[in-house]
Amino acid sequence: MENLLRTPLYQEHILAGGQLVDFGGWALPLQYSGILEEVEAVRRRAGLFDVSHMGEIIVEGPQALAWLDTVLTNDISKLVDNQVVYTFMCYPHGGVVDDLLVYRYGPQKFLLVVNASNTQKDWDWLNQHIIPGVTLDNSTAVTGQLAIQGPLAQEVLQKLTSYRLDDLGFFRFTDPVEIAGVPVLVSRTGYTGEDGFEIYCRVEDTVKLWQEILREGEPQGIIPCGLGARDTLRFEAGLPLYGHEISQEITPLEAKLGFFVKLKKQVDFMGKAALVALKEKGLSRRLVGLNMMDKGIPREGYRVFNSEGQDIGYVTSGSFSPTLNTSVANVLVTADSVQEGTFLWVGVRKRRLKAKVTKLPFYQREAK
Amino acid sequence: MQLPTELKFTKEHEWLKFEGNRVTVGITDFAQKELGDIVYVELPELDEDLAEGDAFAVLESVKAAADVYAPLAGVVVEVNELLEDEPSLVNTDPFGEGWIAVFEADEDILIAGFMDAAEYQQFATEKE
């Protein structure tokens, strides 16, 4: 653990009994009280996550908007000020460099929030393709980030700010705003499938923000949550994880995330030609959800078989789902085997366990 | 949690209870804490013949699967079927209701090869 990067909350994690693990070079808590309890807190009440390891890159300049539309798959020109959008950054062959959030301050200023394990790669990639009229600033090291997620997240956070959180729509942000007396950026975004917020602050304010939210949220039953709960929650909610559902080898179209790839966008963005060609040719493999019929837990990398016993693909993410109280998996399989209701088998150690192709996402919160 | 002094322990964080040539096997409190919430247990088959060191059961938490190893050569004569519906017993009562299986040892057991409670306590503390 000594050689790992530490977030500003490292001491807080140790004091709270967090079980620290190496996550992409960062020392972060896998869990505090337990994954089951933490998942339940987020689904029913609220949970607080340290996501300070995420990368933040600021893009500025007169060409910022036009340039981003050439390196990102979503239509950045459609964004209004204070809007957030989810997008991919693709290689020319259609594989994914990273998935990220784009925050638009104005036509000449954007914030990109990228995966921790990809921050350096993304930084290099962006610098490699930069054009005159655009400047980049990597603010990862000076930025702390918290995520407060769950049906009671707003109630808790509202106690710490005079800003009316009701005015903040889904995938909108405001900056600066004062929470617990410190200046932050707050957005109604998250990675859990619940309502909630992500808060970006100065590194030196992170501990205060963390402590104040936990203190104010105690009556609502808020608890600190680790990476285990975060991964389980995002998986249940059908949200992809880089390196699993999408990667350099897996295109967004195969991962059923074509909604975030605007192939009709005028701009010839990186990867467009390859993805258009792939769509015209038809996909040879596709991501689907499996619900386990037999007892057992499908894990990443396990092989998937059809009724004839042919190997047709593999598990990209698999887990016991605490919310559904059953085991489920995302699998990448040959495209002709994916109709809903089809039975498939997952090779778990010496056995082949029966499963049924099911609708994604596994979990969706009820609309308010 | 106090370690039961009548038990023996392995470096794989298993506990063993010897009764003649029968050995009950489970995992320690330290091990269940490391694994986190157990949500599924894959038990061995009855009459399964195991060599020392064979993986005979799998304990699965939400995020990971961990093998449990046979501490000695023998035959599985009992499995804890309660764990099929209540895997969390491994967490809540690791030294009692959370036992995993009973072996009948092939040969005379050399108890001296395992740690006693005090030795294991020290071993586990060093791991922390």
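Here the structure is a predicted model, which is why all the values come from computation and not from measurement.

## Some points on the overall build of chain B
And step 1. Assigned secondary structure in chain B consists of four helices and nine strands.
And step 2. When the elements of chain B are put in sequence order from the N terminus, they spell out β-β-β-α-β-β-β-β-β-α-α-β-α.
And step 3. The C-alpha atoms of chain B give 14 Å as radius of gyration, which agrees with the globular expectation for 128 residues (14 Å, within 12%).
And step 4. In chain B, which comprises 128 residues, the share counted as buried stands at 50%.
And step 5. Taking as baseline every contact in chain B between residues at least 6 positions apart, the subset at least 24 positions apart corresponds to 61%.
And step 6. As displayed, chain B has an accessible area near 6400 Å², and 44% of this comes from carbon and sulfur atoms.

## Some points on the interface of chain B and chain A
And step 1. Counting residues at the interface gives 17 residues for chain B and 19 residues for chain A.
And step 2. Between chain B and chain A, the buried area comes to about 1400 Å², and carbon and sulfur atoms account for 46% of it.
And step 3. If you sort the residues of chain B by the area they bury against chain A, Tyr-40, Val-62 and Lys-63 of chain B come out on top, with a joint share of 43%.
And step 4. Between chain B and chain A we count six salt bridges in total.
And step 5. For Asp-231 of chain A, the salt bridge identified is with Lys-63 of chain B, shortest N-O distance 3.1 Å.
And step 6. For the pair chain B and chain A, the interface holds 16 residue pairs in polar contact (both at pLDDT 80 or more).

## Focus on the domain arrangement of chain A
Residues and elements named next belong to chain A.
And step 1. Domains assigned within chain A are domain 1 (5-52 + 141-236) and domain 2 (284-358).
And step 2. Taken residue by residue, the interface counts seven residues in domain 1 and eleven residues in domain 2.
And step 3. Of the roughly 620 Å² buried between domain 1 and domain 2 on both sides combined, carbon and sulfur atoms contribute 67%.
And step 4. Connecting domain 1 to domain 2 are zero salt bridges.
And step 5. Between the two partners, domain 1 and domain 2, sit four residue pairs in polar contact (both at pLDDT 80 or more).
And step 6. For the side of domain 1 that touches domain 2, the elements supplying multiple residues, two or more each, are α2 (35-44) and α7 (227-236).
And step 7. The biggest single contributor to the side of domain 1 that touches domain 2 is α7, with four residues.
And step 8. Here the side of domain 1 that touches domain 2 is built from residues that sort into three nonpolar, one polar and three charged.

## Some words on the pairing of strand β6 (residues 83-90) of chain A
Residues in a regular strand project their side chains so that they alternate between the two faces of the sheet.
Residue and element names in this part refer to chain A.
And step 1. Taking burial as the measure, the eight residues of β6 include eight buried ones, the bulk of the element.
And step 2. Of the two faces of β6, the one carrying Gln-83, Val-85, Thr-87 and Met-89 and the one carrying Val-84, Tyr-86, Phe-88 and Cys-90 are both buried.
And step 3. By the bridge criterion, eight bridges tie β6 to strand β7 (residues 96-106) in an arrangement that is antiparallel. Across the sheet, the residue bridging to Gln-83 is Arg-104, located in β7.
And step 4. Taking the residues between adjacent antiparallel strands as the criterion, β6 and β7 are bridged by five residues, where Gly-94 takes a positive phi near 100°.

## As for the sheet that holds strand β8 (residues 109-114) of chain A
Residues and elements named next belong to chain A.
And step 1. The sheet built from five strands is open, its strands ordered β6-β7-β8-β5-β9 with antiparallel pairing. Each edge of the sheet is formed by a strand with only one pairing partner; in this case those strands are β6 and β9 (135-138). For this sheet the average axis-to-axis angle between neighbouring strands, irrespective of direction, equals 25°.
And step 2. Across the sheet, helix α4 (residues 119-128) is in contact with β5 (55-60), β6, β7, β8 and β9; its angle to β9 comes to roughly 165°.

## Thoughts on a negative patch on the surface
And step 1. Taken together, the side chains of Asp-49, Asp-106, Glu-107 and Asp-108 of chain B define an acidic patch exposed on the protein surface.
And step 2. Counting through the fold element by element, Asp-49 of chain B comes out in strand β5 (residues 49-50).

## A few points about empty space enclosed by the protein
All names here are of chain A.
And step 1. A complete count under the given rule lists one cavity of 30 Å³ or more for this structure.
And step 2. The calculated volume of the largest cavity comes to roughly 50 Å³.
And step 3. If you trace the largest cavity, you find it lined by Leu-28, Pro-29, Phe-49, Asp-50, Cys-225, Gly-226, Leu-227 and Arg-230.
And step 4. Elements that contribute at least two residues to the lining of the largest cavity include exactly β3 (26-31), β4 (47-50) and α7.
And step 5. Taken together, the residues of the lining of the largest cavity sort by class into five nonpolar, one polar and two charged.

## Structural notes on the sheet that holds strand β4 (residues 38-42) of chain B
Note: strands within a sheet are paired through backbone hydrogen bonds, in either parallel or antiparallel orientation.
All names here are of chain B.
And step 1. If you walk across this open sheet you meet the three strands as β4-β6-β7, and the pairing is antiparallel. Among the strands making up the open sheet, the edge pair consists of β4 and β7 (65-69). This sheet shows a mean twist of 25° between the axes of neighbouring strands, independent of strand direction.
And step 2. Where strand β6 (residues 55-61) and β7 come together, five bridges link them in antiparallel fashion. Among the inter-strand pairings, Val-58 is bridged to a residue of β7, identified as Asp-67.

## Describing the confidence of the model for chain B
And step 1. Chain-level pLDDT for chain B is 93 on average; 99% of the residues reach the 70-or-more range.
And step 2. Per-residue pLDDT, averaged within each element of chain B, yields its smallest value for helix α4 (residues 117-127) of chain B (90) and its largest for helix α3 (residues 89-92) of chain B (97).

## Digging into the pattern of salt bridges
And step 1. Tallied over the entire structure, the rule returns 24 salt bridges over all chains.
And step 2. Note that Lys-265 of chain A and Asp-69 of chain A form a salt bridge whose closest N and O atoms lie 2.8 Å from each other. Of this pair, Lys-265 of chain A sits in the loop between α7 and α8 (272-281) while Asp-69 of chain A sits in helix α3 (residues 64-71); the two residues are 196 residues apart in sequence, bridging distant segments of the chain. Accessibility assignment for this pair places Lys-265 of chain A and Asp-69 of chain A in one class, buried.
And step 3. With a closest N to O distance of 2.9 Å, Arg-188 of chain A and Asp-195 of chain A form a salt bridge. Across this residue pair, the class does not change: Arg-188 of chain A and Asp-195 of chain A are buried.
And step 4. It is possible to trace a salt-bridge network through shared partners that takes in Arg-299, Arg-349 and Arg-351 of chain A together with Glu-42 and Glu-60 of chain B.

Calculation criteria
- Residues numbered from 1 in each chain as written.
- Chains lettered and ligands numbered in written order.
- Predicted model: local features only at pLDDT ≥ 70, side-chain atom pairs only at ≥ 80, totals over all residues.
- Heavy atoms only, no water.
- Helix = DSSP H or I, 4+ residues; strand = E, 2+ residues; numbered from the N terminus.
- Rg over C-alpha atoms; globule rule 2.2 N^0.38 Å.
- Buried < 20%, exposed > 50% of the residue type's maximum accessible area, 1.4 Å probe, protein only.
- Contact = heavy atoms within 4.5 Å.
- Areas by Shrake-Rupley, 256 points an atom, 1.4 Å probe, with all protein chains shown as cover.
- Buried area = accessible area lost by both parts, 1.4 Å probe.
- Salt bridge = Lys/Arg side-chain N within 4 Å of Asp/Glu carboxyl O.
- Polar contact = N/O pair within 3.5 Å; in protein donor to acceptor, adjacent residues only side chain to side chain.
- Domains from an automatic or database assignment.
- Nonpolar A, V, L, I, M, F, W, Y, C, P; charged D, E, K, R; others polar.
- Pairing = 2+ DSSP bridges.
- Axes fitted to C-alpha atoms, helices over the stretch in contact; angles between N-to-C directions.
- Patch = residues over 30% accessible without salt bridge, like charges linked within 9 Å, V, L, I, M, F, W, Y side chains within 5 Å.
- Lys, Arg positive; Asp, Glu negative; His and termini not counted.
- Charge placed at Lys NZ, Arg CZ, Asp CG, Glu CD.
- 1 Å grid on protein atoms, 1.4 Å probe; cavity = no way out; pocket = protein on both sides within 12 Å on 5 of 7 lines; lining within 4 Å.
- Points joined across faces, edges and corners; volume = space filled by probe spheres on them.
- pLDDT = per-residue confidence, 0-100.

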